[in-house]
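Chain and residue survey
Here is how the chains run, residue by residue.
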Amino acid sequence: MTLSPATAAPSEPYVLADDPVLDMLNTLANIDGVPWDFWQVDADVVAWLVRVRWVEPNNMPEFEPGALLAAARALREVIRELVAARKAQQPGNPAALNAFLRKAVSHTQLVWPACEAPRIERQRKQQTAAQFLAPIAEAAATLLVEGDFKLIRRCEHPECILWFYDRTKAHKRRWCSMALCGNRHKVAEFRKRKLKL
């Protein structure tokens, strides 16, 4: 996954899918036709989790070095396979996602601050990286069941592998981003027209 000097990867993964689970899939992208994994070390995963508000900046448990990266990459690929199968209207094998879900150890707890109304919060064990990532696995399972897969799409640019949830009013979104692939398409079409003249 080495990029040429002329090609520089963005410093952060794209957050443009309008769904955090799909944004997770987009931490693996093609940059000018070259595959690029934005998650190279545990700190990259932590930065992404904070950026998309899965965790608070100073609320990270300690794991063995590399454990969070390995678990996050494994979960990402499990989700990618299931989303692709669901989009293709093919049966998927939920065993690997269910393995992540089984690791989720949680319980509800009533929280009642002195001057506030009571509320229920979910308390989770976070002893392992897989337990820590379990809420993402739960969100993925919910997306697979409740998501409108007519509106969950891959970018139409042939070199792009990014996913998005089309929540636009007209549901005609074609590109991961107009700034990325939409403009590339417009430039390519413009060049084709110029060559015909």
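Quick look at the structure, then.

Thresholds applied
- Numbering of residues begins from 1 in every chain and follows the order in which that chain's sequence is written.
- In keeping with the model being predicted, local features are shown solely for residues with a pLDDT of at least 70 and side-chain atom pairs are shown and tallied solely at 80 or more, while totals for entire chains, interfaces and linings include all residues.
- Note: side-chain values were computed over all heavy atoms of the structure, leaving out hydrogens and water.
- Numbering of helices and strands runs from the N terminus; a helix is a DSSP stretch of H or I covering at least four residues, while a strand is a stretch of E covering at least two.
- Throughout, exposure labels follow a simple rule: accessible area from a 1.4 Å probe, protein chains only, divided by the maximum for the residue type, with under 20% read as buried, over 50% as exposed, and the rest as partly exposed.
- All accessibility values rest on the Shrake-Rupley procedure with a 1.4 Å probe; residue burial counts only the protein chains present in the view.
- Take a side-chain nitrogen of Lys or Arg and a carboxyl oxygen of Asp or Glu: if they are within 4 Å of each other, that pair is a salt bridge.
- Geometry of aromatic contacts follows a simple scheme: Phe, Tyr and Trp rings, the Trp one being its six-membered ring, pair when their centres are within 6.5 Å, and the pair is stacked under 30 degrees between planes, edge-to-face over 60, tilted otherwise.
- Joining through side-chain atoms within 4.5 Å is the link that ties buried Ala, Val, Leu, Ile, Met, Phe, Trp, Tyr and Cys residues into a set, and such a set is a nonpolar core.
- We call two residues contacting when some pair of their heavy atoms lies within 4.5 Å.

**Points about the overall build of the protein**
- Within the protein, the secondary structure is distributed over six helices and six strands.
- Sequence-ordered secondary structure for the protein, helices as α and strands as β, is α-β-β-α-α-α-β-β-α-β-β-α.
- Counting over 197 residues, the protein shows a buried share of 38%.
- Total accessible area computed for the protein in this model is approximately 12000 Å², and 54% of it derives from carbon and sulfur atoms.

**Observations concerning the pattern of salt bridges**
- Inspection of every chain in the model, using the stated rule, returns 12 salt bridges.
- One continuous salt-bridge network, built from bridges that share partners, spans Asp37, Arg73, Arg76, Glu77 and Arg80.

**Considerations on the packing of aromatic side chains**
- Summed over the entire model, instances satisfying the criterion amount to three aromatic pairs.
- A ring pair is formed by Tyr14 and Phe38, whose centres lie 5.8 Å apart and whose planes are at 80°; its orientation type is edge-to-face. Taken together, the residues Tyr14 in the segment before helix 1 (20–25) and Phe38 in the loop between strand 2 (34–37) and helix 2 (42–51) connect sequence positions 24 residues apart.
- Assessed through its relative accessible area of 15%, Tyr14 is described here as buried.
- Ring plane angle 70° and centroid distance 5.5 Å describe the contact between Trp39 and Trp48, whose orientation is recorded as edge-to-face.

**Describing the nonpolar core**
- The biggest cluster of nonpolar side chains holds 38 residues, and the ones touching the most others in it are Leu22, Leu75, Ile79 and Leu133.
- Each residue touching Leu22, except ones within four places of it in the same chain, is listed here: Ala17, Val83, Leu143, Ile152, Trp163, Phe164 and Tyr165.
- Grouped together as the second largest cluster of nonpolar side chains are 11 residues, Tyr14, Leu16, Phe38 and Trp175 included.

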